[in-house]
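Examining the three-dimensional arrangement
Here's the letter readout for the chains.
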Amino acid sequence: MNEENAKLAKIKKSCSVGKKITTILCIIAIVGCVTAMVAGVALLSNGERFEPEFVKLVDEGKIDTSNGIGKASLVNIGSINVNDWESDIPAMQNMLKERPYTTVYGIYMIIVSLSIAVASVMMKLLSSVFGLIEKEDTPFTDAVIKRVTVVMIVLSGFLLLTAGAAFGILCGAATWVIYTVLDYGKTLQIQSDETL
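These remarks concern the structure in this document. These figures come from a predicted structure and were not determined experimentally.

This part covers the overall build of the protein. In terms of helices and strands, the protein carries six helices and two strands. Shown N-terminal to C-terminal, the secondary structure of the protein runs as helices and strands in the order α-α-β-β-α-α-α-α. Taken across its 196 residues, the protein has 30% of its residues classed as buried. In the protein, the share of contacts with a sequence separation of at least 24, taken over all contacts with a separation of at least 6, comes to 63%.

Following this line, the structure appears as structure tokens:
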């Protein structure tokens, strides 16, 4: 029983550390989300002010748009070409014609902020799993198994939509394995409790 308590204490300690790390990452993601959203809205609403600066940077070669939206220092975003954007909405088409850089970069920043928002939700979900495991007497309770399974399914769906089918399927398989291991642990826990 002493060894069991020591292992349970290690699990609670690692979950406490995991909870702190995911909470910090969630806060960083929220800050990044807000920053990207503010930048996107600022670019869209003040395009006439920022557009000449973008044109100047492109002319000086500091932003290279030959392979897509551009690359600046360490960041290379390459699947969006500023000149290829069109819209059926007259106001949007006018923005793309008059201020293509600020419009495309502004929309891109808003899309990035939404992606970061989803990542922050994922971090919060993971933090809640660690918190629940830390709070419970054993990691093999129905509440823990259900929460871990739900979070892993959400993560699998997120990876499927963002990273691709291979990562989504791999995470789905990992979800199934983790569920079966936790379910088996629950069975052993019940048998251990009945023995005592």
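From this point, the narrative continues.
What follows is about the packing of helix H1 (residues 2-45) against helix H4 (residues 100-135). It is at 7 Å that the axes of H1 and H4 come closest, and there the two elements cross at 165°. When the axis of H1 is compared with that of H4, the two are roughly antiparallel. Here H1 and H4 pass one another in a crossing that is left-handed. For the contact of H1 with H4, the per-class residue count stands at 25 nonpolar, 13 polar and five charged.

All right, on to the environment of Ala42 then. Within the fold, Ala42 resides in helix H1. When the C-alpha positions of Ala42 and Gly106 are compared, they lie 7.5 Å apart, and in sequence the two are 64 residues distant.

Let's shift gears to the environment of Ser128. On the secondary structure map, Ser128 appears in helix H4. C-alpha separation for the pair Ser128 and Val144, spaced 16 residues apart in sequence, amounts to 10.0 Å. There is a polar contact of 2.6 Å between the side chain of Ser128 and the backbone oxygen of Leu125.

Between its terminal C-alpha atoms helix H5 (residues 142-162) stretches 30 Å, which fits the 30 Å expected from 21 residues at 1.5 Å a residue. Every buried residue belonging to H5 is among Val144, Ile145, Val148, Thr149, Val151, Met152 and Ser156, and all of these are buried. Close packing links the buried residues of H5 with H4 and helix H6 (165-195). Positive phi appears at Gly164, one or two residues downstream of H5, with a value of about 120°.

This part takes up a nonpolar patch on the surface. A cluster of nonpolar residues, Val17, Ile21, Ile24, Leu25 and Ile28, forms a patch on the protein surface that exposes about 450 Å² of accessible area. Here Ile21 is to be found in helix H1. Take Ile21: its relative accessible area is 46%, and that puts it in the partly exposed class.

Generally speaking, soluble globular proteins have nonpolar side chains that are buried together. Among the nonpolar cores identified, the biggest contains eleven residues, and these are Cys15, Val129, Leu132, Ile133, Val144, Ile145, Val148, Val151, Met152, Cys171 and Leu182. Where this core is concerned, the elements lending two or more residues are H4, H5 and H6. Top element by residues in this core is H5. It accounts for five residues. Those residues in contact with Cys15 that lie beyond four places of it in its chain are Phe130, Ile133 and Glu134. Formed by five residues, the second largest nonpolar core is a distinct cluster that contains Leu43, Phe54, Ile63 and Tyr105.

Criteria and thresholds
Residues numbered from 1 in each chain as written. Predicted model: local features only at pLDDT ≥ 70, side-chain atom pairs only at ≥ 80, totals over all residues. Heavy atoms only, no water. Helix = DSSP H or I, 4+ residues; strand = E, 2+ residues; numbered from the N terminus. Buried < 20%, exposed > 50% of the residue type's maximum accessible area, 1.4 Å probe, protein only. Contact = heavy atoms within 4.5 Å. Axes fitted to C-alpha atoms, helices over the stretch in contact; angles between N-to-C directions. Parallel < 35°, antiparallel > 145°, perpendicular 65-115°, else oblique. Left-handed = near helix turned anticlockwise from the far one by under 90°. Nonpolar A, V, L, I, M, F, W, Y, C, P; charged D, E, K, R; others polar. Polar contact = N/O pair within 3.5 Å; in protein donor to acceptor, adjacent residues only side chain to side chain. Expected span 1.5 Å × (residues − 1). Patch = residues over 30% accessible without salt bridge, like charges linked within 9 Å, V, L, I, M, F, W, Y side chains within 5 Å. Areas by Shrake-Rupley, 256 points an atom, 1.4 Å probe, with all protein chains shown as cover. Salt bridge = Lys/Arg side-chain N within 4 Å of Asp/Glu carboxyl O. Core = buried A, V, L, I, M, F, W, Y, C linked by side-chain atoms within 4.5 Å.

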